[in-house]
Every structure is written in C-alpha cells, then in structure tokens.
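Here are the chains, one letter per residue:
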Amino acid sequence: MIDGKTGLLGVIGYPVKHSLSPTMHNAAIAHLNVNYVYLPLPVHPDALGAAIAGFGAIELEGFNVTIPHKQAILPYLVDVSDLARAVGAVNTVYRTDQGWMGTNTDVEGFLAPLRSQASALAGGTALVLGNGGAARAVVAGCSQLGLSKIQVVGRDPQKLEQFQNSWAGSSLAQGLEVYPWEQLPDLLHQAQLIVNTTPIGMHTDATASPLSVEDWDVVPEGAIAYDLIYVPRPTRFLQEAAARGLNTIDGTEMLVNQGAAALELWLGQAAPVNVMRQALLSALA
Ligand code: NAP
C-alpha cells in the first residue's frame, strides 16, 4: 500500500520503458513488507540537472542510473565511491547529509555468482571479450576476485589502447593485458574464466557467438563461461560451453545482483535475491 510515508526510489534513464529494475525492486519491496515504491523515471538528457534538483526537492531516497546518464550524472554528485571512479560510471545514487553520493553496484553484480568459486579462480587468468562500458565493471570484479591476469580482447586497437591507459595507476586492474581480437585463439588455453561483454549472440542475432566451435577445443576443463547477455538465455556462447561440460553463468545473475546490492544500500537490510531473480525471470519469460 502506498501511503503518506512511502519512501521513493527509482531508475533514471532515457528511454527507461524497457527497464526490468522496477519489476525486480517492487517484488523485493513487497516481499520485505517495507514502505517503499520503486518507479521508472524517464529523464531526457537535456533535463538531467532539473531532474536531480527535483529529486532533492521531493526527497527521493535513492535511484539507479542507466543509459545515457551513467557518466553524465557525475557533476551532480557530491562524491563517488572509488569503485565508481575506477569504472568511470555510476549506476546507483543514495542520499547523504552532504548531497547525492554515487557508486557502482555492477561490479558486485558481476562478482556475486563467482564468489563461491573465488578460491579456485584466485591467481588464475580471466579472458574478457570486448572493451566497452560493461567490460570495465568486469575488469574491476576480476581484480577483486584475485585473478592474477586479466586479458581483455578487443577489435579496435585505438579503443583498446585507451581502455588500457584509462586504468593507469589503478589498483583495480592489476594484471590487465590487452590483445587484438585476432589473438583470441592463442589465449583460450589458459583461461579459467571467459566473459563475453560484447553484444555478440543477443536476440537480434542469437545464432552468433564470439567463439567458434573449434575455439572451445582448447578451453581448459573446469573453466567458467560467463555471458553478460540475458536475452536469449542461454546464448549460443553458453550453450556451446555447457555442451563441453563447462560451468556457465548468464547475464541475469549480474542484473539481479547489481539490483540487490543497490537495494541493500538504500534499505540497510539484506535484499531477497531469490525473489528478485524470480521476478526478473518471470518478466523475461
Ligand atoms: P558497449 O559499451 O557498447 O561495449 C560493447 C563492446 O563489445 C565494445 O568493446 C565493442 O567494440 C564490442 N563489440 C561489439 N560488437 C562486436 C563484434 N562484432 N566483435 C567484437 N567486438 C564487438 O556495451 P556495454 O554497455 O559494455 O554492454 C555490452 C553487453 O553487455 C550488452 O549485451 C549488454 O546488454 C550487456 N550488459 C549486461 C549487463 C547485465 O547486468 N547482465 C550489464 C551491462 C551490460 P567496439 O567498441 O569496437 O564497437
């Protein structure tokens, strides 16, 4: 029930209609029986400053940030966490006495399904396909897991170099190496974790995969294949990994767990991850 005391949460983006966050968060709010509501908040890029000022005026308690505001939000925040600074993007904002504070829960979202295998991964090699926005959270996550080599493969040499330079001096990308896409087949034999951060295999071309069928022949037994894509589930990349007996993780895990980490920050209590996952899977079905 919404009443006079209902706390306001939401997600800003443009467009925001496609966002699955309201479904996940409101399911969690209902399950916890707390007096909050989580709203989709469409904010045109030209209106970002006015919207943030308005959120302060109506005492919104916190919000998620999605495309196209993940970097643009920075000037409106009093501070950002070290993680958000290193990743270069904010996806979660919360209220402090000084003003809005930004952080990034995508890293925790990526990490959460890997935590149970952290000891096996520590000291190993991660292979990250793609060097866009999501790859930044993946690199920071791999570094937090203690993987000693993080090999990022990209198709554009200039962007790859910029990606590497952007981490200079950061403790969150130790062991980072970058390689042109053509070298991918030579890197697979030593990967304990292979993460697809490219859109290859999305529903628009579900028959595509970043790896060829032969590429899988050299992937070590026991490696984990992790695809950030969540439609379709599973992607061809994950189907082929599973057919080889490898462990697989799909993009719904990152999505659910980044949401859970944000909700925990706002409410100061554990989020019902299973409830959020179920709500997400039902919405996707
Ligand atoms: P992005 O910033 O556009 O980055 C995409 C990366 O993939 C870029 O490095 C791009 O290279 C590369 N790429 C695209 N097509 C390629 C191809 N055919 N061959 C080789 N590389 C290719 O996008 P993003 O925000 O990082 O998102 C990437 C994917 O992750 C999307 O599918 C998104 O839905 C998913 N994602 C999932 C979650 C989750 O919670 N599960 C969170 C964030 C993102 P160029 O720069 O050369 O184009």
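Each remark here, short or long, concerns the structure printed above.
Residues numbered from 1 in each chain as written. Predicted model: local features only at pLDDT ≥ 70, side-chain atom pairs only at ≥ 80, totals over all residues. Heavy atoms only, no water.

Some thoughts on the packing of aromatic side chains
- Per the stated rule, a full pass over the model turns up 6 aromatic pairs.
- With 5.2 Å between their ring centres and 75 degrees between their planes, Phe 63 and Trp 100 make a pair best called edge-to-face. On the criterion of sequence distance, the pair formed by Phe 63 in strand β3 (residues 62–65) and Trp 100 in strand β6 (residues 100–103) is long-range, its members being 37 residues apart. For the pair shown, Phe 63 and Trp 100 are each scored as buried.
- Here the aromatic rings of Trp 216 and Phe 237 are separated by 5.3 Å at their centres, their planes lie at 45 degrees, and the arrangement is tilted. Taken together, the positions of Trp 216 in the loop between β10 (193–196) and β11 (224–227) and Phe 237 in helix α9 (residues 236–243) put the pair 21 residues apart, joining distant regions of the chain.
- Accessibility expressed as a relative area gives 3% for Trp 216, which makes it buried.
- In textbook terms, an aromatic cluster arises when at least three aromatic residues are bridged by ring pairs, as seen for Phe 55, Phe 63 and Trp 100.
- The ring of Phe 163 carries Arg 136 above its face, with NZ or CZ at 5.4 Å from the centroid. (Phe/Tyr/Trp six-rings, centres within 6.5 Å; stacked < 30°, edge-to-face > 60°. Helix = DSSP H or I, 4+ residues; strand = E, 2+ residues; numbered from the N terminus. Buried < 20%, exposed > 50% of the residue type's maximum accessible area, 1.4 Å probe, protein only. Lys NZ or Arg CZ within 6 Å of the ring centre and 35° of its normal.)

So, unusual backbone geometry
- Each neighbour pair has its own omega, and for Tyr 14 with Pro 15 the value is 0 degrees, a cis peptide bond.
- Summarising the element assignment, Pro 15 is placed in the loop between β1 (7–13) and α1 (21–32).
- The residue Asn 33 is not glycine, and still its phi comes out positive at about 60 degrees.
- Despite not being glycine, Glu 59 has its phi angle at roughly 60 degrees, a positive value.
- One can find Glu 59 in the loop between α2 (48–57) and β3.

As for the site of the ligand
- Contacts to the ligand come from 20 residues, most closely from Asn 131, Ala 134, Arg 155, Lys 159 and Gly 251.
- The backbone of Gly 251 places a nitrogen or oxygen atom 2.9 Å from a nitrogen atom of the ligand.
- A distance of 3.4 Å is found between an oxygen atom of the ligand and a backbone nitrogen or oxygen belonging to Leu 255.
- Here the ligand loses 71% of its free accessible area of 920 Å² to cover by the protein chains.
- Counting only elements with at least two residues in the shell around the ligand, the list comes to α6 (133–145) and α10 (251–267).
- A per-element tally of the shell around the ligand places α10 first, with 3 residues. (Near = heavy atom within 4 Å. Polar contact = N/O pair within 3.5 Å; in protein donor to acceptor, adjacent residues only side chain to side chain. Areas by Shrake-Rupley, 256 points an atom, 1.4 Å probe, with all protein chains shown as cover.)

Overview of α10
- The terminal C-alpha atoms of α10 lie 25 Å apart, and with 17 residues this matches the ideal 24 Å at 1.5 Å per residue to within 8%.
- Here α10 lies mainly inside the structure; 15 of its 17 residues are buried.
- Positive backbone phi, approximately 70 degrees, marks Gly 268, located one or two places after α10. (Expected span 1.5 Å × (residues − 1).)

Comments concerning the pattern of salt bridges
- Using the criterion set out here, one finds 8 salt bridges in the structure.
- Two residues, Arg 85 and Asp 79, come together in a salt bridge whose shortest N-O distance is 3.0 Å.
- By relative accessible area, which is 38% here, Asp 79 ends up partly exposed.
- With a shortest N-O distance of 2.5 Å, Glu 108 and Arg 115 are connected by a salt bridge.
- For Glu 108, a relative accessible area of 28% puts it in the partly exposed group.
- We classify Arg 115 as partly exposed; its relative accessible area is 44%.
- Sharing partners across several salt bridges, the network here consists of Asp 79, Asp 82 and Arg 85. (Salt bridge = Lys/Arg side-chain N within 4 Å of Asp/Glu carboxyl O.)

Concerning the sheet that holds strand β7 (residues 125–129)
- A sheet is described by the order of its strands in space; here 6 strands give the open sequence β9-β8-β7-β10-β11-β12, paired in parallel fashion. Edge positions in the sheet fall to β9 (176–180) and β12 (247–249), since each has one partner strand and no second. Ignoring strand direction, the axes of neighbouring strands in this sheet form an average angle of 20 degrees.
- As paired strands, β10 and β11 are joined by 4 bridges and run parallel to one another. In the strand pairing of β11, Leu 193 is matched with Ile 224.
- Against the sheet, helix α7 (residues 157–166) makes contact with β8 (149–154) and β9, and its axis sits at roughly 175 degrees relative to β9, the strand it touches most. (Pairing = 2+ DSSP bridges. Axes fitted to C-alpha atoms, helices over the stretch in contact; angles between N-to-C directions. Contact = heavy atoms within 4.5 Å.)

Thoughts on the pairing of β11
- Judged by which residues are buried, β11 turns out to be covered on both faces: Ile 224 and Tyr 226 on one side and Ala 225 and Asp 227 on the other are all buried.
- Examined bridge by bridge, β11 and β12 share 3 bridges and lie parallel to one another. The residue of β12 that forms the bridge with Ala 225 is Thr 248.
- Taking the sense of rotation as the criterion, the β-α-β connection linking β11, α9 and β12 turns out right-handed. (Right-handed = clockwise from strand over helix to strand, strands pointing away.)

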